[in-house]
Every structure is written in structure tokens, then in C-alpha cells.
Amino acid sequence: MSAPAMGTAKAAHSEASHKKKKGPGALATAYLVIYNVIMTAGWLVIAVGLVRAYLARGSYHGLYYSIEKPLKFFQTGALLEILHCAVGIVPSSVVLTGFQVMSRVFLTWAVTHSVIEVQSEDSVLLFVMAWTVTEIIRYSFYTFSLLNHLPYVIKWARYTFFIVLYPMGVTGELLTIYAALPYVQKTGLFSVTLPNKYNFSFDYYTFLILTMLSYIPLFPQLYFHMLRQRKKVLGHTQDYSKVE
Amino acid sequence: MDALALEAKGAKTDSPAAGPAPVKRPKPPKKAKRIVYFEVEILDARTKEKLLLLDKVEPTATILEIKSMFHKSNQHWYPARQSLCLDPKAKSLKDEDILQQLPVGTTATFYFRDLGAQITWAKVFLAECAGPLFIYLMFYFRLPFIYAPKYDFTTSKHWVVHLACICHSFHYVKRILENMFVHRLSPGTMPLRNIFKNCSYYWLFAAWMAYYINHPLYTTPYYGQQQVKAALIIFLFCQLGNFSIHVALRNLRQPGSKVKKIPYPTKNPFTWIFMVVSCPHYTYECGSWVGFTLMTQCVPVAFFTLIGFIRMTVWAKGKHRNYVKEFRDYPTLRSAILPFIL
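Residues numbered from 1 in each chain as written. Chains lettered and ligands numbered in written order. Predicted model: local features only at pLDDT ≥ 70, side-chain atom pairs only at ≥ 80, totals over all residues. Heavy atoms only, no water.

Put simply, the rule reads: UniProt positions are given in the numbering used here, feature names are shortened, and annotations may be inferred rather than shown by experiment.
Looking at an unreviewed UniProt entry, one finds chain B named Very-long-chain enoyl-CoA reductase and attributed to Denticeps clupeoides. As its UniProt record puts it under Sequence similarities (unreviewed entry), chain B is described as follows: "Belongs to the steroid 5-alpha reductase family."

Going by an unreviewed UniProt entry, chain A carries the name Very-long-chain (3R)-3-hydroxyacyl-CoA dehydratase and comes from Denticeps clupeoides. Reading the Pathway (unreviewed entry) entry of the UniProt record for chain A gives the comment "Lipid metabolism; fatty acid biosynthesis." The Sequence similarities (unreviewed entry) field of the UniProt record for chain A holds the comment "Belongs to the very long-chain fatty acids dehydratase HACD family."

## Considering the packing of aromatic side chains
Defined as follows: Any two rings among Phe, Tyr and Trp, with Trp reduced to its six-membered ring, count as a pair given centres within 6.5 Å; such a pair is stacked if its planes are under 30 degrees apart, edge-to-face if over 60, and tilted if neither. Each helix is a run of H or I in the DSSP string that is no shorter than four residues. Each strand is a run of E no shorter than two, and both are numbered from the N terminus. Here the term buried applies to any residue with accessible area under 20% of the maximum for its type, exposed to any over 50%, and partly exposed to those in between, with areas from a 1.4 Å probe on protein chains only. For a lysine, the NZ atom is tested; for an arginine, the CZ atom; a charge sits over a ring if that atom is within 6 Å of the ring centre and within 35 degrees of the ring normal.
Under the definition given, this model contains 49 aromatic pairs over all chains. On the numbers, 6.2 Å between centres and 80 degrees between planes, the contact of Phe200(A) with Trp208(B) is edge-to-face. With Phe200(A) in the loop between helix H8 (162-187) and helix H9 (204-234) and Trp208(B) in helix H5 (residues 193-213), this residue pair bridges two chains. Seen from their ring centres, Trp208(B) and Phe303(B) are 5.9 Å apart, and the 85 degrees between their planes marks the pair as edge-to-face. One end of the pair, Trp208(B), is in helix H5; the other, Phe303(B), is in helix H8 (residues 299-326), and 95 residues separate them in sequence. Trp208(B) sits in the partly exposed class, given a relative accessible area of 30%. A residue is classified by how much of its surface remains accessible, and Phe303(B), at 41% relative accessible area, is partly exposed. A cation sits over an aromatic face here: Arg311(B) above Tyr201(B), 3.9 Å from the ring centre.

## What about the packing of helix H4 (residues 159-182) of chain B against helix H7 (residues 280-296) of chain B?
Residue and element names in this part refer to chain B. As a reminder, the rule being used: Lines fitted to C-alpha atoms define the axes, with helix axes restricted to the stretch in contact, and inter-axis angles between N-to-C directions lie between 0 and 180 degrees. When describing relative orientation, an angle under 35 degrees is termed roughly parallel and one over 145 degrees roughly antiparallel, while 65 to 115 degrees is termed roughly perpendicular and anything else oblique. For any helix crossing, the convention is left-handed if the near helix is rotated counterclockwise from the far helix by under a right angle, and right-handed if that rotation is clockwise. By the convention used here, residues are in contact when the closest approach between their heavy atoms is within 4.5 Å.
For the pair H4 and H7, the least separation of the axes is 10 Å and the interaxial angle reads 165 degrees. The orientation of H4 with respect to H7, classified from their angle, is roughly antiparallel. Note on packing geometry: the crossing formed by H4 with H7 is left-handed. Here Val160, Leu163, Ala164, Cys167, His168, His171, Tyr172 and Arg175 of H4 come into contact with H7, specifically with Glu285, Trp289, Phe292, Met295 and Thr296.

## Considerations on the layout of surface pockets
Applicable threshold: In this analysis the probe radius is 1.4 Å and the grid spacing 1 Å, with only protein atoms considered; a cavity is a set of points the probe fits into but cannot get out of, a pocket is an open set with protein on both sides within 12 Å along at least five of seven lines, and lining residues have an atom within 4 Å of a point. Grid points are joined across faces, edges and corners, and a volume is the space filled by probe spheres set on the points.
Each pocket or cavity is described by its volume, and for the second largest pocket that value is around 770 Å³. Lining the second largest pocket we find 20 residues, and of these Phe202(A), Thr206(A), Phe207(A), Leu210(A) and Thr211(A) sit closest to its centre. Those elements that provide at least two residues to the lining of the second largest pocket are helix H5 (94-113) and H9 of chain A together with H5 of chain B. The biggest single contributor to the lining of the second largest pocket is H9(A), with seven residues.

## Observations concerning the interface of chain B and chain A
In plain terms, the rule: Throughout, buried area stands for the accessible area (probe radius 1.4 Å) lost by two parts on being put together, summed over both. Salt bridges are identified by distance alone: a Lys or Arg side-chain nitrogen within 4 Å of an Asp or Glu carboxyl oxygen. Two N or O atoms count as a polar contact when they lie within 3.5 Å, although within protein this holds only if one can serve as hydrogen donor and the other as acceptor, and sequence-adjacent residues are included solely when both atoms are side-chain atoms. Residues were grouped as follows: Ala, Val, Leu, Ile, Met, Phe, Trp, Tyr, Cys and Pro as nonpolar; Asp, Glu, Lys and Arg as charged; and all remaining residues, including Gly, as polar.
In this complex, chain B contributes 12 residues to the contact, which on the side of chain A involves eight residues. Taking both partners together, chain B and chain A bury about 890 Å²; carbon and sulfur atoms supply 60% of that area. Between the two partners, chain B and chain A, sit zero salt bridges. Linking chain B with chain A are six residue pairs in polar contact (both at pLDDT 80 or more), by the criterion used here. Breaking the side of chain B that touches chain A down by element, the ones donating at least two residues are H5 and H8 of chain B. Counted by class, the side of chain B that touches chain A contains eight nonpolar, four polar and no charged residues.

## Remarks on the UniProt feature "transmembrane region" (unreviewed entry) in chain B
All names here are of chain B. Taking the UniProt record as the reference, the feature "transmembrane region" (unreviewed entry) is found at residues 120-139, 198-218, 230-249 and 290-310. Counting secondary structure, residues 120-139 comes out at 95% helix and 5% strand; the distance between its end C-alpha atoms is 30 Å. In the segment residues 198-218, helix accounts for 76% and strand for 0%; the C-alpha atoms at its two ends are 29 Å apart.

## Focus: the pairing of strand S2 (residues 50-57) of chain B
Applied cut-off: By this definition, two strands are paired if DSSP reports at least two bridges between them.
Sheet analysis places strand S1 (residues 38-44) of chain B next to S2(B), joined by five bridges and oriented antiparallel. Within S2(B), the residue paired with Val40(B) across the bridge is Leu54(B).

## Some words on the UniProt feature "transmembrane region" (unreviewed entry) in chain A
With numbering aligned to this structure, UniProt lists the feature "transmembrane region" (unreviewed entry) at residues 32-55, 76-99, 159-184 and 204-224 of chain A. Secondary structure over residues 76-99 of chain A splits into 67% helix and 0% strand, and the C-alpha atoms at its two ends are 13 Å apart.

## Here we look at the domain arrangement of chain B
Residues and elements named next belong to chain B. Note the threshold: An automatic or database domain assignment supplies the start and end points of every domain.
In terms of domain boundaries, chain B breaks down into domain 1 (38-116), domain 2 (118-218) and domain 3 (220-342). Summing the contributions of domain 1 and of domain 2, the shared interface buries around 300 Å²; its carbon and sulfur component is 41%. Summed over the shared surface of domain 1 and domain 2, the result is zero salt bridges. Counting across the interface, domain 1 meets domain 2 through three residue pairs in polar contact (both at pLDDT 80 or more). Classifying every residue of the side of domain 1 that touches domain 2 by side-chain character gives three nonpolar, one polar and one charged.

## A few points about the UniProt feature "domain: 3-oxo-5-alpha-steroid 4-dehydrogenase C-terminal" (unreviewed entry) in chain B
Taking the numbering used here, the UniProt-annotated feature "domain: 3-oxo-5-alpha-steroid 4-dehydrogenase C-terminal" (unreviewed entry) corresponds to residues 189-342 of chain B. End C-alpha atoms of residues 189-342 of chain B are separated by 30 Å, and the span's content is 62% helix alongside 2% strand.

## As for a nonpolar patch on the surface
Residues and elements named next belong to chain B. How we decide: Candidates for patches are residues over 30% relative accessible area with no salt bridge; among them, like charges are joined within 9 Å and nonpolar side chains (Val, Leu, Ile, Met, Phe, Trp, Tyr) within 5 Å. Here the accessible surface of atoms and residues is derived via Shrake-Rupley with a 1.4 Å probe, and residues count as covered only by protein chains that are part of the display.
Together, Leu126, Val173, Leu177, Met180 and Phe181 make up an exposed nonpolar region whose accessible area comes to about 470 Å². With four residues, H4 is the largest single contributor of residues to the nonpolar patch. Here Val173 is to be found in helix H4. Classification of Val173 as partly exposed rests on a relative accessible area of 37%.

Right under this line is the structure:
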């Protein structure tokens, strides 16, 4: 559900750059521009890596391995964004950003990396593609916004592509978690049983099922929120969103 | 504002706009008082449709009285769930605000927003405390469908588990009694859906903790009796402290008075902590849970203690900030929740 990683972050951010010129100082702005440029470049590397691997192999399967390292590096790097909010150089909610980034990081490390058997699944490619396109657009959006030269096409892309990318990413994520379930149950991955001296138990298998179930209330909320944002920012009166 | 009040009292009613210069004219001696009644119009804040028109409203009417009048014609919107403002985007007017002191002419237009079903603080606190009390006992008595069937209605063989049940229950019984007899709760309300949010926090955590403490495979604390005894002392000390602070805070304010005062240490040694802390009731509460964590040596309890500490620190910091803002001579030695640290 964090495929496009949008929400309050972008709304608040665009408001900050359009309405108030306060916010990050010159040094923070420079740092943020560098950060966003690096992230844009990183996800472009992943995109190019995917295309090259596809052309080399001639099939969609097993492309994860060709971009595994940059994916882990740049997706984990997004943790810095939580810090940016906490410090105040980005006007977004720490909790919301934290939630979005942590769910991405969770899928990258606690599911895809940890359960080796799912790495060859096609669902992984589905969410990686969704994430890649989303992040390239998102980080370039931030970069241009910080430089006060936002091309309309980037803004349009940011507020439009999610319509397809978000469900695509969510599908990929859910299918991947689902694929991981039997292996988690068999090996007892990350699970702790009683008795132990800390009087604690954790069943990762049940946790994954609950995570999947949590998509049901959360995904529609986030999706419709973004549709509303789209209407507000792009000001379209056509029937793109059925909300309101 | 004074100019308008004078106008409403019997002078001409020409310009309803807020006049800036408050001219204090000496009141001419009058034989009969001529009250100029107000006309109150209530519009829906979103749709702007006219919901109610009240004529002959006393100028000294409060917002609460206007809300009651509105309630009479719209039974389902009781005063607590009405929000009246002078502008659709503005903040709600307070119940105590008086009509003639508002920047309105003799025809006042209010915008109405429905705040949704409301519930009083008292009811919320009761639900928050009664839940964990009973939920824990359900696990303690090992009701069916919690643990394996062969353990149904059995009791733990560890005495620390019985002690933990007594302490946990005591804590929540004390809280319920305090809510009923000690705390001077504000008569305010909160939206009904908040009760689900608040109660789930307490209820789910209580269930999570109780599950492990009363589990057939529970492991007793590592340092045995020493650990449990020390933990019990900490727990009781902090419970007494917490109660002392609640009583001290209650005695600070007379019933019905809205005057805020700085709390100070009293004869009770447990209140001497006021010298170094603004919100010692939170300090003692955290201490109680630390004691309980030590007593049960259970990670979910530690987790609950940590989250509780974070929440209470946020509240304490807010209260501390309010104290400092409100009182010029507020003691500078005091920290919000942890002496000299936080």
C-alpha cells in the first residue's frame, strides 16, 4: 500500500513550496536537492537495470536478482526521509512518512530478502516496477519543487500515474507476502515461542496474515485521499475521481 | 465591544459593524429599561441553508442557551454536539460567550456544524478502566477459548501470577474510584468515535499482557522472590504517590471554580516531588508500571510501560508548558515528568 508513497507528504510539500517560502533554509534546501537528485538517479539505475536484464534474458522472470542491491540501498535510504520530517526541513507528518517508509522497508527486507523462495516470484517484479516508476516521478517532483521550476508534466505524472501504479504495487506486495507464507510457517522465521524467560511470543506467520488484512481498510483510504488530492492540485473537473 | 454593548442596551441601532473606538458614554438615568432583543439566525456551515431563525433573543443570552433553543427545534442535535461559529471557517464559540458581547449586530448569524455523537469524559474514563479490569480477570481465570482446553478454569501454580492479578486489578479499581470520587473532571464531551480509539488502546494492551502473565507456560522472574518483592514495593509506593497527587490536585481547586493554581508540596511526603516535577501523577504512574514490569518480567508489559511513558511525557510536557505560560512565578526547578531530566 506504500507503492506510490504519497499522501500528506506531497500535499504538505507542494503547499509549502507554493504558499509559503519559509521552511528549509538555504543549506537544508541544498541538502534536500542533493538527496532527491541522488534518489532519482538511484531509482533510474534500478529502472535501467530492469530493462537491461529483461533484454539480456528475454524473459520477465527472475529480474529481481539483477537489481537487488540498488533496490535495497535506495529503498533503505528512504529512511532518511523520516529524519527530514523529524528535524523539520520537510513539512510532513513524521508518523505518516514513517509508516510509509517502514512498510516499504519491511517488504524489502523482512519479506523479499528474508524469504529467499519468493525472490523468483513474478509478484516481486510487479511491485518493484510500480515502486520504481513512482519513486522516479516523486523524487524528480521534489527536486524540481525545491528548485521552484516544476514542469507541469511532472506534477501531472505524480498525481496521475498512481491511479494505476498504486493498485499494481499493492497487488505485487500482497501476492509476495502470500507467497512467503508457507515458507515462514515451515521454518518458523522470526518467530519466538513460549516458554522463555521474557514471557513473550511472536508468530511471524500470523503477523504476515494480519499485515495482509490491514491492506483492506488502509488501501481504499489512501487511494481515495490521493484521488481527492489530485482533484485539488490538478483542478480537473472531469470524472477522473468518483469521490465527492 | 463596549460601544456595541451600549448600542444594544438602548441607544440607536444604526451600524452593526464592529466599531473600533469604545466610547464610554455615561448612562443617562432611565425609568424603564428598554431591552433591544436580538434576532439570531442559524445557518448550516456547509450548505448555508437557514436552519433556524430566533427572534426576541435576550442580549444577555449565552451561546449555551442559544444551543438549547436550537436543540428544542432539532431534537437530535443536543447542545454538546453543536458547534456554532461566526464564520464557517472560524473556531467554535464557547458556551459561556454572551450574545451582546460578540461582534454581531442585533441580527446575529451563526454557522452550525454537527460535531457528531458526543460522549462525556466521565463515561470514557470509566470504559477505559473497566475494560482492562475485566479483561485481565478473564485471562487470570483462564476462561475457555484462550488457552488450550485442558487449562480451562485452572489457576497458575506461581504465586507471582496471583500477586500480579491483585496489583493489576487494584490499579484499575483505584482508577475507577478516583474517577468517581476524586477527579474533578471537566464536564466536556468528546466525539463518540474517540471512545473506540481510546478503549482499544487500553483493552488490547490489557489482553496482550494478561495473555502472557496468566499463560500456563509463564516463566517466573529470573531473580525470583527478591525481584518480585522489590517490584511490589516500587508498585505500591508509586500507587500511593499517584493517589496522593490526585488528592492534592483535587484540593487545589474549589468545586465549580475555574481559577487555575500552581500545585505545591503539602504535608504528605509523596507530594514533595512537586518541588522538582510539574506532573508527578504521571511520574508515579510510570513508576507503577515499571514496578509491574519488574514483577512479571514480561516483554508486552515492558512495551506497554514504554508506550505509556511516551504518551504521558507528551501530556506532561504540554501541561508544563501551560503552567509556565500561565504563571509568571512558576518554579523554575521543575521539570515536566522526570526530575531534572525530562
